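Summary of the model geometry
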Amino acid sequence: MKSICKNLCLLSVLLLNPLASAADDYEVVSPNGNISALLHFEEGRMSYSVKKGDKMLVERSPLGLTTNQADFSAGGLEYVSHNVAALDETYTLTTGKRRECRNNFSQLTFTVRHVKAAWNLSVLFRLYDDGFAFRYVLPKKGSLNRIQITDEASRIKVKGFNYCLGCRFNHPDDYYHPNIPYESNYGRYAWTDLQGHGHDARLNAPALVRAGLDYLLITEAANVGTYSTALLRAESAEGEFSFAYSGDTKDMNTDKVHSLTVDLPMKTPWRMAVVGELSDVFESVMAENLNAPNALKDTTWIRPGWVSWDWGGVEGGSYGPSRVQCDREYIDLAVEMGWPYVLVDGGWRHEHMPEIMSYANAKGVDVLLWQTADLSDSQQFSYSNMAKTLDEWKAWGVKGVKIDFMDRSDQWMVNFYERTVKEAAKHQIFVNFHGAYKPAGLEYMYPNLLSYEGGELRGSRAGEDFAMVGEHAYSEALAVVLHEQTDIAQCVTLAQSCGAEDAYFAGAFVFHVGHGLCQVVGFLLGNLV
């Protein structure tokens, strides 16, 4: 956690100048001088630009939020203060690509006041040696406790755009279903390919952009509990990305303005871009640095391991003569392979569990349970019954849960994710989100969240187009896995030969899983081809 092994060096210079001119630039430079940014304040509006060395990386791009109380993007702002600070610390992670991390950055805090509304807004603009990030901070305003965020002006105008590795959202040319919006294909696109042309111009974040000799991984961080996730939108000007909210309810399939109701004071998630060569992007811990520290005092009960999974294999999705007998075979497989866990997937019933748990305990294998999130309020594991359900599962001896069919990323679901992992941590149960949106910081605050599904490899199940599995996996690994921990749904070949066995096996190692937890399609050794 970030309070451990901390070596803090803090430099802060506060500059108060209420008489600042109508057009001013405020500079912040990364610790090694590699990246610099200017925050521009002109005619009551904010914008920024970023350079890497002498090369313009991001052209002047607007900043600002619009709320139901004040518009901080349309002018009418006055300068209040700016503060430049530096921090250099080390900390230990309990999950992620690296255990020991260094958080070394320079940060500009720029505060303006909306003259008419008499309300301040601050922009935190942070530079690392391998990228930049910014977020907005709104304080309380008198007795006002809640507001609506109705729009965000933030753009990232990439200079010299070449192409993008991305996942187009709700696009008819891609494998897409409105209920599983994060299982479409990652592909390589020119800017004209990203334009809607009468369709949706949004992309799932993250997106990996090539600009000249550099890559930019554009996404968000520290999106925990109170906000919706953001999609990226390809605007009309080449290389210009905006951030599109997915909304406060499941209404994200239409590209429209979505408002969010938030409590004050509030901080938005970080908008971020990792910058550099592909190796720099791969090795970066910038996303980890931007996220909240570990909220759990004890993490010794969180034990990673390989999993025998009863979905697929010789059954091809069925359960043979009986469900209990099927799970006994996968428990035996876990014993044979030396794996600590078996995942009892969809279709289990309460009457199955005593025999399954008894057999697994006798064999020394711990049990993980599948659970759908698509529930009414009266059902088991719903919001109102979650704690009671976890009490029961804990009494059974269940060690982890795989939550499936969230299939959305609106504000309600972001809150559901946090409540789930927080409640599971109270019961010392770890969590894997399946049918999930991208990682965005919750896994560092609650390290019992081991991983998110990194997307179904299209063609990973019998009867689909296996020829494109490897290409999709490669693109998805470059984009999604660079960011934070993910797993992959299928990473060992099914019973039948599909011509993509190497892609499945590689997936088990390429995809970044936070604690090393990998769902392995249950298979008998004789199934391997």
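Up top is the structure these notes are about.
Analysis parameters
Note on numbering: residues in each chain are counted from 1, in written sequence order. It should be noted that, the model being predicted, local features are given only for residues of pLDDT at least 70 and side-chain atom pairs only at 80 or more, the latter also being counted only at that level, while totals for whole chains, interfaces and linings use all residues. Hydrogens are left out, water is left out, and the side-chain values use all remaining heavy atoms of the structure. To define axes, lines are fitted to C-alpha atoms, for helices over the stretch in contact only, and angles between the resulting N-to-C directions are given on a 0 to 180 degree scale. Helix numbers and strand numbers start at the N terminus; a helix is a DSSP run of H or I with at least 4 residues, a strand a run of E with at least 2. Crossing chirality is assigned from the near helix's rotation relative to the far helix, an anticlockwise turn below a right angle marking it left-handed and a clockwise turn marking it right-handed. The criterion used for residue contact is that any of the two residues' heavy atoms lie within 4.5 Å. Under this grouping Gly is polar, as are all residues other than the nonpolar Ala, Val, Leu, Ile, Met, Phe, Trp, Tyr, Cys and Pro and the charged Asp, Glu, Lys and Arg. Working definition: rings of Phe, Tyr and Trp (its six-membered ring) pair if their centres are within 6.5 Å, and the pair is stacked with planes under 30 degrees apart, edge-to-face with planes over 60 apart, and tilted otherwise. Only protein chains enter the area calculation, which uses a 1.4 Å probe; residues under 20% of their type maximum are buried, those over 50% are exposed, and those in between are partly exposed. For this analysis, a salt bridge means a side-chain nitrogen from Lys or Arg found within 4 Å of a carboxyl oxygen belonging to Asp or Glu.

**Comments concerning the packing of helix α6 (residues 386-396) against helix α7 (residues 411-426)**
- For the pair α6 and α7, the least separation of the axes is 10 Å and the interaxial angle reads 35 degrees. For the element pair α6 and α7, the recorded crossing hand is right-handed. Residues M386, A387 and L390 of α6 form the contact with α7, whose participating residues are F416, R419, T420, E423 and A424.
- For the contact of α6 with α7, the residue count by class is 5 nonpolar, 1 polar and 2 charged.

**Digging into the packing of aromatic side chains**
- All chains considered together, the criterion is met by 27 aromatic pairs.
- Each ring, one from Y48 and one from F125, has its centre 5.2 Å from the other, and the planes form 55 degrees; the classification is tilted. One end of the pair, Y48, is in strand β4 (residues 45-52); the other, F125, is in strand β9 (residues 119-128), and 77 residues separate them in sequence.
- Seen in terms of ring centroids, W348 and W396 are 6.1 Å apart; in terms of plane orientation they differ by 85 degrees. Their pairing is edge-to-face. In this pair, W348 sits in the loop between β23 (341-344) and α5 (353-363) while W396 sits in helix α6, placing the two residues 48 residues apart along the sequence.
- The class for W348 is buried, based on a relative accessible area of 12%.

**Structural notes on the pattern of salt bridges**
- Counted under the stated rule, the structure contains 20 salt bridges.
- The partner of R102 in a salt bridge is D88, and the shortest N-O contact between them spans 2.7 Å. With R102 in strand β8 (residues 100-114) and D88 in strand β7 (residues 77-92), this residue pair connects regions lying 14 residues apart in the sequence.
- Several salt bridges share partner residues, and in doing so they unite E152, E220, R271 and K438 into one network.

**Regarding unusual backbone geometry**
- Here the residue pair A205 and P206 is connected by a cis peptide bond, since its omega of 5 degrees sits within 30 degrees of zero.
- Looking at where P206 falls in the secondary structure, it is placed in strand β15 (residues 202-211).
- The backbone of A118 sits at a positive phi, close to 55 degrees, despite the residue not being glycine.
- Among the structural elements, A118 can be located in the loop between β8 and β9.

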